[in-house]
Amino acid sequence: MAAAMLFCACRKAQNEPQTEPQTDTQTEAQQETVNGFINAPLAFNGTFTEVCSALLYMEKNQPASAPARVRAEETYPSYSWTPQDGSWPIDLTVAYGADGVIATDGLLHKGTMKIHATGFFETPETVLTPEFTDFYVYGNILSGKQTIENTGFNEKNNLVFKVTTEDGRLGTDKTYRYSEETFRELINGLGGNGFLTPEITTHTYSITGRMKAESLVDTLPGCEVTISETRPMIIAVGDLYPTDGYLYMELDKPLVYNIDQITVATTDIEVEFTGKQGNNQYGAAAYLTFNAGLMEQTVKVTFLLDEEGVVEGSGNFEFEVVDVNLD
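If you're wondering where the values come from, they're calculated on a predicted model, not measured in any experiment. For every chain, the first residue of the written sequence is number 1, and numbering continues from 1 along that sequence. Per-residue local features are limited, in this predicted model, to residues with pLDDT of at least 70; the limit for side-chain atom pairs, both in listing and counting, is 80 or more; totals at the level of whole chains, interfaces and linings are taken over all residues. With hydrogens and water set aside, each side-chain value is computed from the structure's full complement of heavy atoms.

### Points about empty space enclosed by the protein
Where empty space is left in the structure can be found by rolling a water-sized probe over the atoms. The pocket and cavity definitions rest on a 1 Å grid over protein atoms only: a 1.4 Å probe that fits but cannot leave marks a cavity, an open set with protein on both sides within 12 Å along at least five of seven lines marks a pocket, and residues lining either have an atom within 4 Å of a point. Grid points are joined across faces, edges and corners, and a volume is the space filled by probe spheres set on the points. Summed over the entire model, instances satisfying the criterion amount to four cavities of 30 Å³ or more. Considered as a void within the structure, the second largest cavity measures approximately 90 Å³ in volume. Taken together, 13 residues line the second largest cavity, and the ones lying closest to its centre are Asn 45, Thr 49, Ile 235, Val 237 and Asp 239. In this text, helices come from DSSP runs of H or I with a minimum length of four residues, and strands from runs of E with a minimum of two, each type numbered from the N-terminal end. When contributions to the lining of the second largest cavity are tallied by element, the ones reaching two or more residues are helix H2 (24-60) and strand E11 (233-236). Ranked by residues supplied to the lining of the second largest cavity, first place goes to H2 with five residues.

Now the structure itself:
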């Protein structure tokens with residue numbers, strides 16, 4: 001996200017990186033790459049939601065006498081699972097069709113997701129492992145290993161899920177290798193009977209943990225992201241991005257730019273989510289600490305996000321000293 005925001009905003013400001021001039025094809029490839037990383041956590045958050053939705057559907061439709069079923073009239077997504085005698089574990093298949101559908105997570109999917117589940121989504125100690133077969137998110141193929149573990153109730157009596165992703169990819173090339181270890185606290189959506197409320201859009205999560213992107217492109221850095229413990233990301237099912245939260249990012253190599261004929265570099269970036277806007281866009285602000293010789297300055301950049309990543313032209317620089325201290 002940081003790289004994408006810098007790339008889009010700096011291009012808008014007509015500030016050129018300290019590298020050889022790029023062709024239009026190289027520029028498009030770079031933007032495709034950075035938007036691919038922005039969408040990787042978005043896509044894997046979507047698979048978390050889709051796993052929950054599939055288990056909810058199965059929970060409501062599993063009389064022992066019924067065969068494995070799909071929704072009537074071959075509408076998508078369709079669900080089938082075995083066994084259906086009430087025993088665990090189960091193997092559940094979610095098919096989105098060849099043409100693609102907007103799923104519960106608000107994203108366009110096509111292909112198939114297979115889920116191995118040891119119990120209901122809301123049952124403590126349940127482990128869920130989705131597999132992806134020709135599984136696409138907005139035309140980009142998603143791959144990688146994801147594991148969802150229900151760790152039980154915390155001191156607030158909220159369920160907490162540990163989510164790990166290994167070797168996550170979105171697309172076949174020009175991409176980042178994405179991994180995460182996050183903890184998702186269900187702060188809304190569990191009924192008094194101990195079961196998830198059927199309407200999944202009432203579910204809201206508080207997310208902490210870390211995400212990492214290993215860059216496979218020489219012109220872009222990789223980064224590690226840590227979510228603030230005191231201001232975690234808050235995201236409701238159906239929303240594409242958090243509506244609140246604060247992230248700390250550390251780049252594995254500095255971004256170096258010429259701004260107003262001064263060479264500056266940054267490795268530390270902080271991002272704040274500022275709420276949902278109109279047209280299904282989400283506000284964010286980034287705070288970048290630049291070092292120019294012995295001088296240090298923090299710059300604020302505001303921008304918008306949608307299902308394709310950073311909204312082109314939405315980056316806005318504010319060259320002023322900004323004091324950012326959550327403590």
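### Comments concerning a nonpolar patch on the surface
For patch detection, residues must exceed 30% relative accessible area and be free of salt bridges, and they are connected within 9 Å for like charges or within 5 Å for nonpolar side chains (Val, Leu, Ile, Met, Phe, Trp, Tyr). Only the protein chains shown count as covering a residue, and every accessible area follows the Shrake-Rupley method with a 1.4 Å probe. One side-chain nitrogen of Lys or Arg within 4 Å of one carboxyl oxygen of Asp or Glu is enough to make a salt bridge. On the surface, a cluster of nonpolar side chains totalling about 250 Å² of accessible area is made up of Ile 102, Leu 108 and Tyr 138. Working definition: with a 1.4 Å probe on protein chains only, accessible area under 20% of the residue-type maximum means buried, over 50% means exposed, and in between means partly exposed. Its relative accessible area of 55% is what places Ile 102 among the exposed residues.

### As for the nonpolar core
Within the largest apolar cluster, 70 residues are counted, with the highest numbers of intra-cluster contacts made by Leu 55, Leu 92, Ile 115 and Phe 121. Sorting elements by how many residues they give to this core places H2 first, with twelve residues. By definition, residues are in contact when any of their heavy atoms lie within 4.5 Å. Among all residues touching Leu 55, those that are not within four sequence positions of it are Trp 88, Leu 92, Ile 115, Ala 117, Gly 119, Phe 120, Phe 121 and Leu 128. For the purposes of this section, nonpolar cores are sets of buried Ala, Val, Leu, Ile, Met, Phe, Trp, Tyr and Cys residues that join through side-chain atoms within 4.5 Å.

### Details of the side chain of Asn 150
Within the secondary structure layout, Asn 150 lies in strand E6 (residues 140-153). Polar contact is the term for a pair of N or O atoms within 3.5 Å; when the atoms are in protein, one must be able to donate a hydrogen and the other to accept it, and sequence-neighboring residues count only if both atoms are side-chain atoms. Only 2.9 Å separates the side chain of Asn 150 from the backbone nitrogen of Gly 152, close enough to count as a polar contact. The contacts of Asn 150, once residues within four sequence positions are left out, are Phe 121, Glu 122, Thr 123, Pro 124, Glu 125, Thr 126, Leu 159, Val 160 and Phe 161.

### Here we look at the pattern of salt bridges
Tallied over the entire structure, the rule returns eight salt bridges. A salt bridge links Asp 167 to Arg 177; its shortest N-O distance comes to 3.1 Å. In this pair, Asp 167 sits in strand E7 (residues 159-170) while Arg 177 sits in strand E8 (residues 176-188), placing the two residues ten residues apart along the sequence. Note on Arg 177: relative accessible area 28%, which makes it partly exposed. Measuring nitrogen to oxygen at the nearest pair gives 2.9 Å for the salt bridge that ties Lys 276 to Asp 239. Of this pair, Lys 276 sits in strand E13 (residues 262-276) while Asp 239 sits in the loop between E11 and strand E12 (246-259), and the two are 37 residues apart along the sequence. By relative accessible area, Lys 276 is classed as partly exposed at 44%. Here the residues in one salt-bridge network are Asp 167, Arg 169, Arg 177 and Glu 214, joined through shared partners.

### Description of the environment of Phe 48
With respect to the element layout, Phe 48 can be found in helix H2. Separated by 98 residues in the primary sequence, Phe 48 and Gln 146 place their C-alpha atoms 8.8 Å from one another. Those residues within four positions of Phe 48 in sequence are excluded, and the remaining contacts are Phe 121, Gln 146, Ile 148, Phe 161, Val 163, Arg 184 and Tyr 205.

These figures capture arrangement, not role.
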